[in-house]
Amino acid sequence: MEEELQHLTSSYAQLKQAQAKFSESIDSLEKPILVPLTSSLYVPAELDDVEKVIVDVGTGYLMEKSIPDAKIFYKAKVAFLKENLEGLQSNISQREQQFKS
């Protein structure tokens, strides 16, 4: 029972991190960018074509999307993760109550 609770808590933390990354992606669509030259050196840059961006849609697949479509995609991901986090939080609370009794 304790292992299950730890696993659920770990899953919750991972989903929360994913949600934060998607939220950061929404914000970064409107900010100046830093381009990595090495693993520790970045330079400021501007995009030539700001009409389209490449979006990681999961499992290694990338798609070209307009900025408004990319925002919609990321907002949908954030909402989906929020729903899953709420369900998982409820499940964790139930397991904690069972574990205490």
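Look a little higher up for the structure.
Residues numbered from 1 in each chain as written. Predicted model: local features only at pLDDT ≥ 70, side-chain atom pairs only at ≥ 80, totals over all residues. Heavy atoms only, no water.

Asks: Is there a simple way to explain the pairing of strand β4 (residues 61-66) in this structure?
Replies: Strand direction decides the pairing type here: strand β3 (residues 52-58) and β4, joined by six bridges, are antiparallel. Paired with Val53 across the strands is Lys65, a residue of β4. Where β3 folds back on β4, the antiparallel hairpin that results is connected by two residues, among which Thr59 adopts a positive phi of roughly 45 degrees. (Pairing = 2+ DSSP bridges. Helix = DSSP H or I, 4+ residues; strand = E, 2+ residues; numbered from the N terminus.)

Asks: Looking at this model, I keep getting lost on the packing of helix α1 (residues 2-28) against helix α2 (residues 67-100). Mind explaining?
Replies: Packed helix pairs are specified by the crossing angle of their axes together with the interaxial distance, meaning the distance between the axes. Across the interface, α1 lies against α2 with an axial gap of 9 Å and an inter-helix angle of 160 degrees. Viewed along their axes, α1 and α2 adopt a mutual orientation that is roughly antiparallel. Our pair here, α1 against α2, has a crossing hand that is left-handed. Of the residues assigned to the contact of α1 with α2, the class counts are 14 nonpolar, eight polar and nine charged. (Axes fitted to C-alpha atoms, helices over the stretch in contact; angles between N-to-C directions. Parallel < 35°, antiparallel > 145°, perpendicular 65-115°, else oblique. Left-handed = near helix turned anticlockwise from the far one by under 90°. Nonpolar A, V, L, I, M, F, W, Y, C, P; charged D, E, K, R; others polar.)

Asks: I would appreciate a short explanation of the packing of aromatic side chains in the present structure.
Replies: Any pair of aromatic rings gets described here by the distance separating the centres and the angle formed by the planes. Counting across every chain of the model gives two aromatic pairs. With a centroid separation of 5.8 Å and 40 degrees between ring planes, the pair formed by Phe22 and Tyr74 is classed as tilted. Here Tyr74 lies in helix α2 and Phe22 lies in helix α1, a separation of 52 residues in the sequence. Tyr74 sits in the buried class, given a relative accessible area of 9%. (Phe/Tyr/Trp six-rings, centres within 6.5 Å; stacked < 30°, edge-to-face > 60°. Buried < 20%, exposed > 50% of the residue type's maximum accessible area, 1.4 Å probe, protein only.)

Asks: Can you help me understand the side chain of Ser66 in this one?
Replies: Tracing the backbone through its elements, the reader meets Ser66 in strand β4. With residues up to four places along the chain from it excluded, the contact list for Ser66 reads Glu51 and Lys52. (Contact = heavy atoms within 4.5 Å.)

Asks: For this particular structure, what's the right way to read the nonpolar core?
Replies: Within soluble globular proteins, side chains that are nonpolar generally end up buried alongside one another. Judged by nonpolar contacts, Phe22, Ile26, Leu29, Val53, Val55, Ile67, Ala70, Phe73, Tyr74, Val78 and Leu81 together constitute the single largest core of eleven residues. If you list the elements that add at least two residues to this core, you get α1, β3 and α2. The leading source of residues in this core is α2, at six residues. Ignoring any residue separated from it by four or fewer positions in sequence, one finds Ile26 in contact with Lys71, Tyr74, Lys75 and Val78. (Core = buried A, V, L, I, M, F, W, Y, C linked by side-chain atoms within 4.5 Å.)

Geometry only, nothing functional implied.
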